[in-house]
Amino acid sequence: QVQLVESGGGLVQAGGSLRLSCAASGRTFSSYTTGWFRQAPGKEREFVATISRSGISTDYADSMKGRFTISRDNAKNTVYLQMNSLKPEDTAVYYCAARWDFRLHRSPDEYDYWGQGTQITVSS
């Protein structure tokens, strides 16, 4: 089992950058595919990015490609989401999720463990 805690959210102006962190408990975090999702008010939870347990493979939603970068440091049990060129439409609660697997997954239904979320607000 793994517990996830996100941090790094906040208020930023359009065009700015933020880096989110997802800290995991457990010694086997390197066995978990990890993803970032987001949910805006009144909308469904949306896939942002995912990274394989080794960190070698990544996948992004089309609207995030070139702006967001997912990475991980298994020695620190942490996954990161670097977000650049932020837009007001990126405003949402961002969640970290994990699944014991070697494959990448885009559907939130495929993930077993979730953090509590961190709010990102991008002002225009």
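Check the entry above for the structure.
Residues numbered from 1 in each chain as written. Predicted model: local features only at pLDDT ≥ 70, side-chain atom pairs only at ≥ 80, totals over all residues. Heavy atoms only, no water.

Caption draft 1: Representation of the sheet that holds strand β3 (residues 18-24) within the structure. If you trace the four strands from one edge of the open sheet to the other, you get β1-β3-β8-β7, paired in antiparallel fashion. Every other strand in the sheet has two partners, leaving β1 (4-7) and β7 (68-73) as the edge strands with one partner each. Taken pair by pair, the neighbouring strands of this sheet meet at an average axis angle of 15°, ignoring direction. Relative to β3, β1 runs antiparallel, the two sharing four bridges. The partner of Val-5 across the bridge, within β3, is Ala-23. (Pairing = 2+ DSSP bridges. Helix = DSSP H or I, 4+ residues; strand = E, 2+ residues; numbered from the N terminus. Axes fitted to C-alpha atoms, helices over the stretch in contact; angles between N-to-C directions.)

Caption draft 2: How the structure looks around the nonpolar core. Grouped together as the largest cluster of nonpolar side chains are 33 residues, with contacts concentrated most on Trp-36, Leu-81, Met-83 and Tyr-94. Broken down by secondary-structure element, the contributors of at least two residues to this core are β3, β4 (32-39), β5 (46-51), β7, β8 (78-83), β9 (92-100) and β11 (118-123). Top element by residues in this core is β9. It accounts for five residues. (Core = buried A, V, L, I, M, F, W, Y, C linked by side-chain atoms within 4.5 Å. Buried < 20%, exposed > 50% of the residue type's maximum accessible area, 1.4 Å probe, protein only.)

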